[in-house]
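Here is how the chains run, residue by residue.
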Amino acid sequence: MVAAATNKFNALNERLTTSGFRFTPQREHVYSVLLDKRDHPTAEAVFIRAKRGMPDISMATVYNCLDALVKCGLVRQVSLERGAARFCPNMQQHGHFYCDNCESVFDIDWPASAGIALPKGFKAERFEIAIHGSCPRCGNGRSRN
């Protein structure tokens, strides 16, 4: 467990440094919050969770940390329709399933061989696919609302 935490700390520090950012305890804490519960939280949810372990952190600091983590490629900003941006630490290519009832967001893995036909001459570098519907919990009538 200590080795995993040390590796995460080293990877975070290296990625921040190579992207022109410096390591801060606040950035480490916000990143840990995202890794601890991978439920695609909004910035406000990250702030609430971060306050538990770092009571003096401000909302502005959380926004700045999220911005740095996105810019250095450790976190992906996910925008689904008109809702607040959400943050995802899964940097593998994947899609998202959005439950229209409880508003939860889930990662959907795509096989590497699953191609999308593009017009001639186009080259995809990344994709953002969102599927909408009901999650198993809501489909069974047990909504969180």
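Residues numbered from 1 in each chain as written. Predicted model: local features only at pLDDT ≥ 70, side-chain atom pairs only at ≥ 80, totals over all residues. Heavy atoms only, no water.

**Comments concerning the pairing of strand S3 (residues 94–99)**
Moving on, step 1. Counting buried positions along S3 yields six of six residues, so the element is predominantly enclosed.
Moving on, step 2. Every second residue of S3 is oriented toward a common face, with His94, His96 and Tyr98 on one face and Gly95, Phe97 and Cys99 on the other, all of them buried.
Moving on, step 3. Of the strand pairs in this sheet, S3 and strand S4 (residues 105–109) are connected by five bridges, and their pairing is antiparallel. Bridged to His94 within S4 is Asp109.
Moving on, step 4. Here S3 hands over to S4 after five residues, with Glu103 in that stretch at a positive phi of 65°.
Moving on, step 5. The pairing of S3 with strand S5 (residues 130–133) spans four bridges and is classified as parallel. The residue bridging His96 from the neighbouring strand is Ala130, located in S5. (Buried < 20%, exposed > 50% of the residue type's maximum accessible area, 1.4 Å probe, protein only. Helix = DSSP H or I, 4+ residues; strand = E, 2+ residues; numbered from the N terminus. Pairing = 2+ DSSP bridges.)

**Details of the nonpolar core**
Moving on, step 1. In terms of nonpolar packing, the biggest core is built from 21 residues, with Val30, Val62, Leu66 and Leu69 touching the most fellow members.
Moving on, step 2. Of all the secondary structure elements, the ones that give two or more residues to this core are helix H1 (2–18), helix H2 (25–36), helix H3 (43–53) and helix H4 (59–71).
Moving on, step 3. Ranked by the residues each element gives to this core, the list is headed by H2, at five residues.
Moving on, step 4. When neighbours within four sequence positions are excluded, Val30 is seen to be in contact with Val46, Ile57, Val62, Cys65, Leu66 and Leu69. (Core = buried A, V, L, I, M, F, W, Y, C linked by side-chain atoms within 4.5 Å. Contact = heavy atoms within 4.5 Å.)

Fair warning: the whole summary comes from geometry, so function is off the table for now.
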